[in-house]
Amino acid sequence: MKLSLVVSTSDAAFDALAFKGDLMKGVKMAKQIGYDAVEIAIRDPSTVDVEELKELLDELRMPVAAIGTGQAYLADGLSITAQDVSIRNRAMERLKSHIDFASIFNAKVIIGLVRGKRDKRALDEVLELFVESLKELADYAEKKGVELVIEPLNRYETDFLNTLEEVKSVLESLDRKNVGILADTFHMNIEEVSIEESITKCGKWIKHFHVADSNRWAPGAGHLNFASILKALHDTGYDGFVSVECLPLPGGSEASARLAFKTLQSVLKEF
């Protein structure tokens, strides 16, 4: 397992990012600290200078672990389960542009907040829209050589697909080999009875992994047992990235990114 840091373009509306601002500066900071890769949260790929970013990443030999898409929901209100079909269509086009972008960097694409909320609709109705959209996106991504990962989010951020088991059930019905689970310790700490047991049960589906401590601060600033959690992940055979997505606390962007790196590196070296 290797370490990645989530960085974002300056238009990010999401607070839970260790680094939010100048994208190039964030990539350089991650490299300087010692991270193996970056994960990039992007509202709209058309706003990013791809050539400049690729040149920097190639120069630093920094891969891109994944592309975050939640800004499309937070900033632009786009959702693949929206009641308004025009919003759904715009969301699908935006996500396809994320997939195109990810294909350049051999990165995964995250389906998290962009799935939206039920908005008082029946769960079956919303899940039907979600699965229909995911099949189309998965087929588009497959042609581009891109994997999608669905992130279970806690009940305070969305009202469906809150646990790993719920997402696993959707994946079984989806029947697409290029779609997996993104497990996140912050959300699991709220929704799972046991983080370690959930990881063990759904291990073969986990394709990407987010870490933040219990308070969404940097790992090492809360009460989560990362030695136990990452051992459970390691024991499933997971060999992907462990990606830090946390608030810039304590101490700001660089200090929190450094604390996370130190905490996680000390655990991972045991494996």
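Being a predicted model, the structure only gives us computed values, none of them experimental. (Residues numbered from 1 in each chain as written. Predicted model: local features only at pLDDT ≥ 70, side-chain atom pairs only at ≥ 80, totals over all residues. Heavy atoms only, no water.)

Asks: Would you take a moment to explain the overall build of the chain for this structure?
Replies: Across its full length, the chain carries 10 helices and 9 strands. Taken against the 2.2 N^0.38 rule, which gives 18 Å for 271 residues, the C-alpha radius of gyration of the chain at 17 Å falls within 12% of a compact globule. Across the 271 residues that make up the chain, the buried fraction comes to 56%. Just so you have it, the chain exposes about 11,700 Å², and 46% of that area is on carbon and sulfur atoms. If you average the places of the 33 positive and of the 43 negative side-chain charges in the chain, the two averages end up 1 Å apart. (Helix = DSSP H or I, 4+ residues; strand = E, 2+ residues; numbered from the N terminus. Rg over C-alpha atoms; globule rule 2.2 N^0.38 Å. Buried < 20%, exposed > 50% of the residue type's maximum accessible area, 1.4 Å probe, protein only. Areas by Shrake-Rupley, 256 points an atom, 1.4 Å probe, with all protein chains shown as cover. Lys, Arg positive; Asp, Glu negative; His and termini not counted. Charge placed at Lys NZ, Arg CZ, Asp CG, Glu CD.)

Asks: Hey, could you run me through the pairing of strand S5 (residues 108-111) in this one?
Replies: Successive side chains on a regular strand alternate, one facing one side of the sheet and the next facing the other. One ladder, built from 2 bridges, connects strand S4 (residues 64-68) with S5; its direction is parallel. Residue Ile67 lies in a different strand from S5, and its bridge partner there is Val109. With helix H5 (residues 123-144) bridging S5 and its parallel neighbour strand S6 (residues 148-150), the resulting β-α-β unit is right-handed. (Pairing = 2+ DSSP bridges. Right-handed = clockwise from strand over helix to strand, strands pointing away.)

Asks: Quick question: what am I supposed to make of the environment of Ile195 here?
Replies: Tracing the sequence through the fold places Ile195 in helix H8 (residues 195-202). Accessibility expressed as a relative area gives 9% for Ile195, which makes it buried. As a C-alpha pair, Ile195 and Ile150 span 45 residues in sequence and 17 Å in three-dimensional space.

Asks: Sorry, what's going on with a negative patch on the surface here?
Replies: On the surface, Asp22, Asp49, Glu51, Glu52, Glu55 and Glu59 cluster together into a negatively charged patch. Its location among the elements puts Glu55 in helix H2 (residues 50-60). (Patch = residues over 30% accessible without salt bridge, like charges linked within 9 Å, V, L, I, M, F, W, Y side chains within 5 Å. Salt bridge = Lys/Arg side-chain N within 4 Å of Asp/Glu carboxyl O.)

Asks: Looking at this structure, I do not really get H5. What am I missing?
Replies: Think of an α-helix as 3.6 residues a turn; residues three or four steps apart then line up on the same face. Here H5 contains 22 residues, and its C-alpha end-to-end distance of 31 Å stays within 8% of the 32 Å for a straight helix at 1.5 Å per residue. Those residues of H5 that sit buried are Val126, Leu129, Phe130, Val131, Ser133, Leu134, Leu137, Ala138 and Ala141. (Expected span 1.5 Å × (residues − 1).)

Asks: What am I meant to see in the packing of aromatic side chains here?
Replies: The geometry of an aromatic ring pair comes down to the distance between the two centres and the angle between the two planes. The full count for this structure, using the stated rule, is 3 aromatic pairs. Here Phe130 and Phe160 contribute two aromatic rings whose centre-to-centre distance is 6.0 Å and whose plane-to-plane angle is 85°, an arrangement assigned as edge-to-face. With Phe130 in helix H5 and Phe160 in the loop between S6 and helix H6 (164-174), this pair connects stretches of sequence that are 30 residues apart. For the pair formed by Phe130 and Phe160, the shared burial category is buried. Its guanidinium or amino end placed over the ring of Tyr140, Lys96 lies 5.5 Å from that ring's centre, counting from NZ or CZ. Across from the ring centre of Phe160, 5.7 Å away, lies the NZ or CZ of Arg115, which sits over that ring. (Phe/Tyr/Trp six-rings, centres within 6.5 Å; stacked < 30°, edge-to-face > 60°. Lys NZ or Arg CZ within 6 Å of the ring centre and 35° of its normal.)

Asks: I would appreciate a short explanation of the pattern of salt bridges in the present structure.
Replies: When charged atoms on two side chains of opposite charge get close, those side chains can pair. The tally for this structure, following the rule as stated, stands at 13 salt bridges. A salt bridge links Asp58 to Lys54; the nearest nitrogen and oxygen atoms lie 3.0 Å apart. You can see Asp58 and its partner Lys54 sitting in helix H2, 4 residues apart, about one turn around the helix. Across the pair Arg258 and Glu254 runs a salt bridge whose closest N-O atoms are separated by 3.0 Å. With Arg258 and Glu254 both in helix H10 (residues 253-268) and 4 residues apart, the pair spans about one turn of that helix. Arg258 sits in the partly exposed class, given a relative accessible area of 36%. Judged by its relative accessible area of 36%, Glu254 falls in the partly exposed class. In the salt-bridge network here, residues are joined through shared partners; they are Arg43, Asp76 and Arg94.

Asks: It is not clear to me how unusual backbone geometry should be interpreted in this structure. Could you clarify?
Replies: For residues besides glycine, phi is generally negative; the peptide bonds are generally trans as well. Here the amide bond leading from Leu249 into Pro250 is cis, since omega sits at 0°, within 30 degrees of zero. If you trace the backbone, Pro250 turns up in the loop between strand S9 (241-244) and H10. Residue Asn106 is not a glycine yet carries a positive backbone phi of 55°. Note on placement: Asn106 falls in the loop between helix H4 (85-105) and S5. With a phi angle near 55°, Asp119 is a residue other than glycine that sits in the positive phi range. Its relative accessible area of 46% is what places Asp119 among the partly exposed residues.

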